[in-house]
Structures are given as structure tokens and as C-alpha cells.
Amino acid sequence: ALSSRSSGSDEAPADTVAVEGESGARSGGEVSEAAPARTAVAVLPFQSLTEDEESRDFALGIHDDLLTQLTRIDDLRVTSRTSVMTYENSEKPARDIARELGVGSLVEGGVRSSGGRVRVNVQLIDAATDEHLWAETYDRELTAENVFAIQGEISRAVTEALEAELSPQEAAALAELPTSSTEAWAAYHRARRLWGTTGGEAGNRLIVAEYQRAVDLDPEFVAAWSGLVRAQAWLLRTGVETDTMPARRSLDRLRELALNAPETMLAESYFSYYARADFDGALSPAHEYRRLRPGDAEGWQTEGWVLRRIGRWSESTQVQQTGAEIDPLNAV
């Protein structure tokens, strides 16, 4: 379990990147004969337009945040991160990718960050016709406020172009500023990228360190605290650590910041599951996260794991099946 993050076990982290050749990783994305609706959309990994690792991480961070924002819009069905990441640097035609993912629309983009500025090119494509439904270029000073503003504007524009409904609550969520620190934001996304690509004790400790750096830089960064709880609890689950207090303290801080937030519900479930092996205690917060974020496959997957652990096999299968429909190339 320590050396592999795509073993198919419910002990593996949830956003494991599916690798071609592993069980179920490239099933071909079988779809029904009916053409998918345009509101079934996949956001392909954004390309970095500058050749360095930091710029690539920045581009992936913008992509990850944009995908997360779109999953919160109930009127859209957004393919999850694990599946779309299999197409990073892919030269497949858009129509073939859409068919494999079972979607009707694709979002593509490129990011350039240099000289204290950020430039984002993005386009929305109708997969059936290759028609560009919408395209825009954003060029602004590189600040956390501008990065999140760009993501919100893209999300609203995509929703409008697909003629989907955006509720007042969803619109307000798109305007939220998760952190005002670009350094904290970068550390958070480094941790998320490592979670899907590294393993072993050293890799797991590095994930914890990156999440810890994010919350040290911004002590009110809710998503980073949630990730830190999960990462610390995973060290307990794998037997690397035995002291539950670091994860408990992180969870307590998260509760102080956002008691009823979806991120807190997910962290509560992981803490009960990984740190305490309290599967009954993990069920309610997992279900609540899934209710609050129905477009996020991780919620369905996590609740499915918990249901299996407590012997509710039929429900577990149904929940996991829905997760697989949202994230069709996720081998786990």
C-alpha cells in the first residue's frame, strides 16, 4: 500500500492517477448510442506555455481549481480529475477523447506565468462538431485574487455557453477566495499533485509537509487544512505514525474555521476511517460530503469504501457505480 497508489484497494488515496495498462484504467469509456448532452463536460489538463516545472505546476493548479469549481454546478456533469489527467499532453483528436469520456463538450486551455503576470487562453468545444462554443484570453497581474477571479469568470462563461443554470448559491461560491497567498496556493497544489503520483514513507511525508507549508503560510486556508488531515491520517493508516494527535489538532482547527463545510465533512470521514478505523463514524460525514458535492467522484468513492467496510455491499456497489460514471477512467 505504501509503494502503490493505484492498487485498487480502498486504502489507496482517492485521487490516484489511472495509468494505462492497469486494471480498468483505459476501458475505452463505453457509452450509450445516444450522443451525450453538451452539459456533460470534461476539462482537459491545461498546457503550460513556458518550459519549467514551476510553470507546469501553476498550470495544473489552475486546471484543478477550475475543475473543482465546475463540479459544484448542479446543472453540469463534469468528468473528474483522475480521468481527464490521463490525457495530459495527449495528441488524440477532441472527438475521440470526448467519446472515451462520454461527454458532449471539452474545455481546453493554456497558461503562461512570467514577469509577475498570468495569461490564460481557454476555449469550449462542442465534441460532436468541433465547433468552438466560446473562447477567451485573460491577461492580468499575477495575484491570488486575479487567479481566482479568472477561474470564476471562466466557470460562469462555460456555464452560460452551455445554457446551464447557475444558482445564486453557486454564483456566490465561484466568487469565494480560498486563500490570498499565491505561495500557500502553490504548496497546496504541489501536495495534491504528489498525492496522485508518489508513494512510500518519504513521499507520504512530503505530502504532509507541503500541506503543512500551505497552512503555515495561510492559517485560514480551509481546503489545505482538509488535505492535511487526510495526509496525516494516511500516515496512521499505513502504520508510519501511531500518534493521532497531529491529525486531531488539524481537524480541530478545520472545525474552528468551517464546521459545516464540505471540506470539513470529507476530513471528518478520512480521520474516522484512516486514523481510528471507526467505519461507522466515517459514514455520516462521507454521506454529507457526497450530498453537498454530488459532482465530485471522490465523495461517491469514499462513501462506497465506508459502506463496504460496514458490510452494506449492495449500497456500496451502487454508490461506486455512480462514482465510476463521473470518473470513467479511474482504475481504483
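Everything numeric here is computed off the predicted structure, so don't read it as measured data.

The rules we used
- Residues numbered from 1 in each chain as written.
- Predicted model: local features only at pLDDT ≥ 70, side-chain atom pairs only at ≥ 80, totals over all residues.
- Heavy atoms only, no water.
- pLDDT = per-residue confidence, 0-100.
- Contact = heavy atoms within 4.5 Å.
- Axes fitted to C-alpha atoms, helices over the stretch in contact; angles between N-to-C directions.
- Helix = DSSP H or I, 4+ residues; strand = E, 2+ residues; numbered from the N terminus.
- Parallel < 35°, antiparallel > 145°, perpendicular 65-115°, else oblique.
- Nonpolar A, V, L, I, M, F, W, Y, C, P; charged D, E, K, R; others polar.
- Core = buried A, V, L, I, M, F, W, Y, C linked by side-chain atoms within 4.5 Å.
- Buried < 20%, exposed > 50% of the residue type's maximum accessible area, 1.4 Å probe, protein only.
- Expected span 1.5 Å × (residues − 1).
- Salt bridge = Lys/Arg side-chain N within 4 Å of Asp/Glu carboxyl O.

*Asks:* Would you mind showing me how to read the confidence of the model for the protein here?
*Replies:* When pLDDT drops low, the exact placement of atoms in the prediction is not to be read closely. Here the protein averages 89 in pLDDT, while 90% of its residues score no lower than 70. Counted against residues more than four places away or in other chains, residues 1-8, with its pLDDT under 50, gives 24 contacts. In the model, residues 14-32 has pLDDT below 50 throughout and makes 52 contacts with residues more than four positions away in sequence or in other chains.

*Asks:* Can you walk me through the packing of helix 8 (residues 222-237) against helix 10 (residues 262-275) in this structure?
*Replies:* The description of two helices packed together rests on the angle between their axes and the distance between the axes. The contact between helix 8 and helix 10 brings their axes to 8 Å, and the two run at 10°. Our classification of the angle between helix 8 and helix 10 gives roughly parallel. Of the residues in helix 10, those in contact with Val222, Ala223, Ser226, Val229, Arg230, Ala233, Trp234, Leu236 and Arg237 of helix 8 are Glu263, Ala267, Tyr270, Phe271, Tyr273, Tyr274 and Ala275. Here the residues of the contact of helix 8 with helix 10 are counted per class, giving 12 nonpolar, one polar and three charged.

*Asks:* Teacher, can you tell me more about the nonpolar core here?
*Replies:* Where a protein is soluble and globular, its nonpolar side chains tend to be buried together. Ile207, Tyr211, Tyr273 and Tyr274 are the most contacted members of the largest nonpolar core, which has 47 residues in total. It is helix 8 that contributes the most residues to this core, 10 residues altogether. Ala40, Val78, Val84 and Ile154 belong to the second-largest nonpolar core, a separate cluster that totals 43 residues.

*Asks:* Hey, could you run me through helix 10 in this one?
*Replies:* Count 3.6 residues to each turn of an α-helix, and residues three or four apart come out pointing the same way. With 14 residues, helix 10 extends 19 Å from end C-alpha to end C-alpha; this agrees with the ideal 20 Å at 1.5 Å per step. Taking burial as the measure, the 14 residues of helix 10 include 14 buried ones, the bulk of the element. Remark: Ala277 follows helix 10 within two positions and exhibits a positive phi of approximately 50°.

*Asks:* Please clarify how unusual backbone geometry should be interpreted in this entry.
*Replies:* One non-glycine residue, Asn89, lies in positive phi territory at about 65°. When you line up the elements, Asn89 lands in the loop between helix 2 (81-85) and helix 3 (94-101). Even without a glycine there, the phi angle at Ala277 is positive, about 50°. Among the secondary structure elements, Ala277 is positioned in the loop between helix 10 and helix 11 (279-292). On the basis of relative accessible area, Ala277 is assigned to the partly exposed category, the value being 47%.

*Asks:* Sorry if this is basic, but what is going on with the pattern of salt bridges here?
*Replies:* A side chain of one charge can pair with a side chain of the opposite charge when the charged atoms of the two come close. Counting across every chain of the model gives 25 salt bridges. Asp96 is the salt-bridge partner of Arg99, the closest N and O atoms lying 3.1 Å from each other. Here Asp96 and Arg99 lie together in helix 3, a separation of three residues that amounts to about one turn. For Arg99, a relative accessible area of 48% gives the class partly exposed. In this structure, Glu315 and Arg312 form a salt bridge, with 2.8 Å as the shortest nitrogen-oxygen distance. Given a relative accessible area of 34%, Glu315 falls into the partly exposed group. In this structure Arg312 comes out as partly exposed when scored by relative accessible area, which is 35%. It is possible to trace a salt-bridge network through shared partners that takes in Arg38, Asp126 and Glu131.

*Asks:* Please clarify how the side chain of Gln151 should be interpreted in this entry.
*Replies:* Considering the arrangement of structural elements, one finds Gln151 in helix 4 (residues 144-161). Discounting residues that sit within four places of it in the chain, Gln151 has contacts with Gly61, Ile62, Asp65, Leu66, Gln69 and Trp185.

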